Amino acid sequence: MGEALGRILVVDDEHDLRALLQRYLSDQGYAVRTLDGGQRLEHLLGRERFDVLVLDVMMPGEDGLSLCRRLRAQGETIPIVMLTARGDPLDRIIGLEMGADDYLPKPFNPRELQARIEALIRRQRMLGAHSGPLPGDGRIGFGPFSLHLGERRLSRDGRDIPLTSGEFALLQALARHPRRPLGRDRLIELSRGRDHEASDRSIDVQVMRLRRAIEDDPAQPRYIRTVWGLGYVFVPDGRAERQP
């Protein structure tokens, strides 16, 4: 057999769903591991490399939202797809706020989950790619921050700042178009690809998380500013912008 298309970790307390996803994704060429809860999740993530974590929201014991929040607080950047019961919009929004990269309401077609997994893996692999020439050292600097494009990391005064793959992709898209207002649809295309179905709300949530990471006062952002009625603009020097 050839190399797996990607390594997927599924955490869900429903035995039948775990078995279905393991069989289906394995048949599509992925290497799949499953867990019935979060008890061994961190241990497994510390021992093995995975490309995507599929995490159910509603589980006995520690739920998926709490697990996602804790993983992100520990600096874990693996792309996370949250499975939400009944497609509750509140679950989706909270999941994004906790650091999830995507969400899928139950019940779902396994092919749709596969498509979302493929999009996340493709985005991971394309983060090192670029729409124009890289700076000489593969780095974009702004204020005390350095965005290391080839290494896919953000640092402040030499100290790394953990970002999810989605947050890094969005910051990279903004930083590659400084002082150019970008609409939410364009940001989705630049950071996630043309074929990704994402909502304006998901971009807003990730901008909120980026502001918490890089702004001294997220309520008065210097670097990622809102352009009312359009989207956002990246101001690398943090200076006041003239409105058109």
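Cut-offs and rules
Residues numbered from 1 in each chain as written. Predicted model: local features only at pLDDT ≥ 70, side-chain atom pairs only at ≥ 80, totals over all residues. Heavy atoms only, no water. Salt bridge = Lys/Arg side-chain N within 4 Å of Asp/Glu carboxyl O. Helix = DSSP H or I, 4+ residues; strand = E, 2+ residues; numbered from the N terminus. Buried < 20%, exposed > 50% of the residue type's maximum accessible area, 1.4 Å probe, protein only. Expected span 1.5 Å × (residues − 1). Arc of directions from axis to C-beta. Axes fitted to C-alpha atoms, helices over the stretch in contact; angles between N-to-C directions. Parallel < 35°, antiparallel > 145°, perpendicular 65-115°, else oblique. Left-handed = near helix turned anticlockwise from the far one by under 90°. Contact = heavy atoms within 4.5 Å. Pairing = 2+ DSSP bridges. Core = buried A, V, L, I, M, F, W, Y, C linked by side-chain atoms within 4.5 Å.

## Focus: the pattern of salt bridges
- Following the criterion strictly, the structure yields 16 salt bridges and no others.
- Ionic pairing is found between Arg33 and Glu48, a salt bridge with its closest N-O pair at 2.5 Å. Within this pair, whereas Arg33 is found in strand S2 (residues 31-35), its partner Glu48 is found in the loop between helix H2 (41-47) and strand S3 (52-56), the two being separated by 15 residues in sequence.
- The exposure class of Arg33 is partly exposed, given its relative accessible area of 30%.
- One salt bridge in this structure joins Glu42 and Arg70, with 2.2 Å as the shortest N-O distance. Here the residue Glu42 occupies a position in helix H2, and Arg70 occupies one in helix H3 (residues 64-73), the gap between them amounting to 28 residues.
- Taking the relative accessible area as the measure of exposure, Glu42 reaches 30% and is therefore partly exposed.
- Because the salt bridges share partners, they merge into one network encompassing Asp12, Glu14, Asp56 and Lys106.

## Considering helix H1 (residues 15-27)
- Under the 1.5 Å per step criterion, the end-to-end length of H1 is 18 Å for 13 residues, consistent within 8% with the ideal 18 Å.
- Those residues of H1 that fall on the buried side of the exposure criterion are Leu17, Arg18, Leu21, Tyr24 and Leu25. Within H1, the buried residues cover an arc of 145° as seen down the axis, which keeps them to one side. Residues His15, Asp16 and Asp27 are exposed on H1 and point more than 90 degrees away from its buried face.

## Thoughts on the packing of helix H6 (residues 165-175) against helix H7 (residues 184-192)
- Packing of H6 against H7 brings their axes to within 8 Å, and their N-to-C directions diverge by 115°. By the angle class used here, H6 and H7 are roughly perpendicular. Seen along the crossing, H6 lies across H7 with a hand that is right-handed. Contact with H6, carried on its side by Ala169, Leu170, Ala173 and Leu174, involves Leu187, Leu190 and Ser191 of H7 and no other residues of that element.

## Looking at the sheet that holds strand S9 (residues 159-161)
- One open sheet accounts for four strands, arranged S6-S7-S8-S9; its pairing is antiparallel. The two strands at the open ends of the sheet, each matched to only one other strand, are strand S6 (139-142) and S9. Here the average twist between neighbouring strands, direction ignored, is 30°.
- Against the sheet, H6 contacts S6, strand S7 (145-148) and strand S8 (153-156), and its axis sits at roughly 105° relative to S7.

## With respect to the nonpolar core
- Ranked by internal contacts, the top residues of the largest apolar core, which has 25 residues, are Leu154, Leu171 and Ile224.
- Mapped onto this core, the elements with two or more residues apiece are S6, S7, H6, H7, helix H8 (200-214) and strand S12 (231-234).
- At six residues, the largest contribution of residues to this core is made by H6.
- Ignoring sequence-local partners within four residues, the contact set of Leu171 consists of Phe142, Leu147, Leu154, Leu163, Leu210, Ile224 and Phe234.
- By size, the runner-up hydrophobic cluster in this structure holds 23 residues, among which are Leu45, Met59, Cys68 and Leu71.

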